[in-house]
Each structure stands twice: as C-alpha cells, then as structure tokens.
Amino acid sequence: TFPLEPGTHRVAVFERGQDGVIGGQPLDVELVQAVAASSTSTASPPPSATPTATPTATPTTTHCAAGYSDGTVRVFDVGGAKMVSKMHPHSDAITAFYYSHDGHVILAACYDGRVAVMEVSTGMVLRMITEHRGAPITDMHYRKVAATQGQLPLPPGVSEVGEDGGCLWMAASGDRRVSVWCAEWKKGVCQLVDWLTFPGPSHAPNGVKLRKGPKCQYDLLPPSLVRFSPSEPHVVVYAGYGLERCVLFYSLLQKCVVRRAALTHWATALDVSPLGHLLALGCRERVVKLMDYEESSFQDYLGHSDAVSTVCFSPCGTHLVSTSSTSLHIWTIKFK
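Reference entry: report on the structure contained in this document. The model shown is predicted, which means the values in this text are computed figures rather than measured ones.

**Some remarks on the overall build of the chain**
For the chain, the count of helices and strands is zero helices and 25 strands. Within the chain, buried positions represent 49% of all 336 residues. Long-range contacts, defined as pairs at least 24 residues apart, comprise 45% of the intrachain contacts of the chain with a sequence gap of at least 6. Within the structure as shown, the chain displays about 15,700 Å² of accessible surface, and the carbon and sulfur contribution to it stands at 53%.

**Comments concerning the pairing of strand 21 (residues 287-292)**
Along strand 21, five of the six residues are buried, which leaves the element largely enclosed by surrounding structure. Where strand 20 (residues 278-283) meets strand 21, five bridges bridge the pair, whose relative direction is antiparallel. Along strand 21, the bridge assignment pairs G282 with V288. In this antiparallel pair of consecutive strands, strand 20 and strand 21, the connection spans three residues, and R286 shows a positive phi of 75°. As paired strands, strand 21 and strand 22 (residues 298-302) are joined by five bridges and run antiparallel to one another. When the bridges of strand 22 are listed, L290 appears paired with Q299.

**Remarks on the sheet that holds strand 16 (residues 235-239)**
Strand order in the open sheet formed by four strands is 15-16-17-18, with antiparallel pairing between adjacent strands. If you trace the sheet from one side to the other, it starts and ends with strand 15 (225-228) and strand 18 (256-262), each paired once. Here the average twist between neighbouring strands, direction ignored, is 20°. Relative to strand 18, strand 17 (residues 246-251) is paired through six bridges, and the arrangement is antiparallel. Bridging from a neighbouring strand, F249 pairs with R259 of strand 18.

Conventions used here
Residues numbered from 1 in each chain as written. Predicted model: local features only at pLDDT ≥ 70, side-chain atom pairs only at ≥ 80, totals over all residues. Heavy atoms only, no water. Helix = DSSP H or I, 4+ residues; strand = E, 2+ residues; numbered from the N terminus. Buried < 20%, exposed > 50% of the residue type's maximum accessible area, 1.4 Å probe, protein only. Contact = heavy atoms within 4.5 Å. Areas by Shrake-Rupley, 256 points an atom, 1.4 Å probe, with all protein chains shown as cover. Pairing = 2+ DSSP bridges. Axes fitted to C-alpha atoms, helices over the stretch in contact; angles between N-to-C directions.

Structure (structure tokens):
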C-alpha cells in the first residue's frame, strides 16, 4: 500500500485491446478521507460478511481494516468514512493480515513472525501463533473449507465445518516457510494442517551472504507469496526466492510440487483469478505479469514507475488492481 494525501489524484485505467496494445485513460478520483498514518497492509471482508466492530453496527455495515507500522490494526466503517475500533496486537510493524469470511476474526501478522488471531467484536487477542517467529510474515491467504469440495483431509473434529464458518488459512514467512491451518473460529478450533519449506540459495540476489538470526536480511530477498488455487482446491500456489525464478504448484494431497512455471523476474506480488484461469504477478522491474494458469504462457504490462507492491483480482475476475508506492492502476480483463 502507499501513503495517502488529501485531494484529487490521478488513477490510470488500462485496457488491453485486441491488437495487444495497452491504452490508458486517466480518471479523476477524489479521496473521501485520508488516513494520517503509515499503513502497511489492508484487508476487507467480502460483501456477504458482516463484521461488527461495535454493538451498534448494523448487518449491512461494510468494514475494512488496515495494519500500521506501529503494530496497530484499525477497523473502518467505509460507508461512514470513520474509524470504529483500534487494536494493538503487536509492538512491531504489521506486515500481512486477513479478515475472515464470516467477519468474526482478523489475523494480523507482524515483522517478528508472530500472528495474532483477534476477535473483531471485542478486539481481544484469541490466540498468538508463534511458529514463524524469527522471520517476518510476508503474505497470508484464506479460504472457506467448503471451497475445498471435500478434496482435502482435515484434522479430527473439523470435517463438517464448511457451512459453519470453517476455513483454511496459511501464512508465508521470509525464510520460505509456509504453514497451512484449519480453523473454526466460533468453536475456538485452529489446527496446523501442513508445514512447507522451500529450498533457496545461501546468498541474497545481490550476492550478500545470508546469516541466521538478523531479521533485516530478509529485506534483501523477494517476499514469499502464497495463494490457494480456486480451480484445484488441494493446490497451493507459491512464489518466492529460491534456486530459480519460478511459480511452484504444491499439492497438499500428494505432499510435493506437482508443476512449476518459469518467471523472468522475481515476484513481489501474487494473486490468482477467482475464475482459476490466470495468475497475476508484480515485479520490482515495474512489470505486471498475467500468466495462464494451465499453460504458463504470460504477457507483461507496463505502466508503473517503480516496483509493483500489490496485485489483486476483483471477486468476479474481470478487473485487476495493481499498486506501487506512487500509483494505483485498474486493469480491465476482457475474454475473447
């Protein structure tokens, strides 16, 4: 994300034509409200969720949350453009988090590798997960158990939670480790399902030798990025610093990497279309890359003036948002 200043900003909306040429038309966007602090990550629940940060919130209220460099998480009422609650689960910067589909909890991860599970309605920390401690959490993802279509073996006691708020979530840290969890928050259930570790070289891309201990060395590496696959419920899509530039497709059923797709740049952002047919990746080289999920063919798109920090598909898969430190682009995806 990037700092916001009050006033009118220019947002470029790009659309790929049939001839493959990218055209752009700027739009004037006026900010409703500027957040006067350095925000490091944001998340919002889907429209169907109704998180209630205060007892007076109505079922139709839409909320979003933001994580900050001082370790706080703030929940905002988008309709009223106001902050409704503030939580302080960490003393270190928030690096990644996720708002649960049922609006019941927020998972907030910080630079020291801990993940706080917080109840939205009370602001209480229900659990502090420390398995990744020592390396910053660089990405998280979340899905309903019902979306697995019964293809995954789940821990005892959580096999029938799909319609009652059950979920799978995972966290990736800078040391290329990924933990996969199954949870049913309303029953206080959160169990580790799988633990993945991906190999990597002993030196950073700039040649600096990596040492055990200092967390600051992870700032030299591309982030570890993860997504559940919408089209293959048992597959985790992973991109990170490794022995080669590629996207890995790991099967939670087979317990191995089932295929890989080569990349031309290290990825700094990753998302998978909800339609399951495209991957979107961002790079330090200012490139947004769209890749075919099955064939691994790709197309690069230019438009940002610095490193791409976020890519995110719309819920219907027809638009893609990409951000850098200075700009936000909205891309229209047309299907032939």
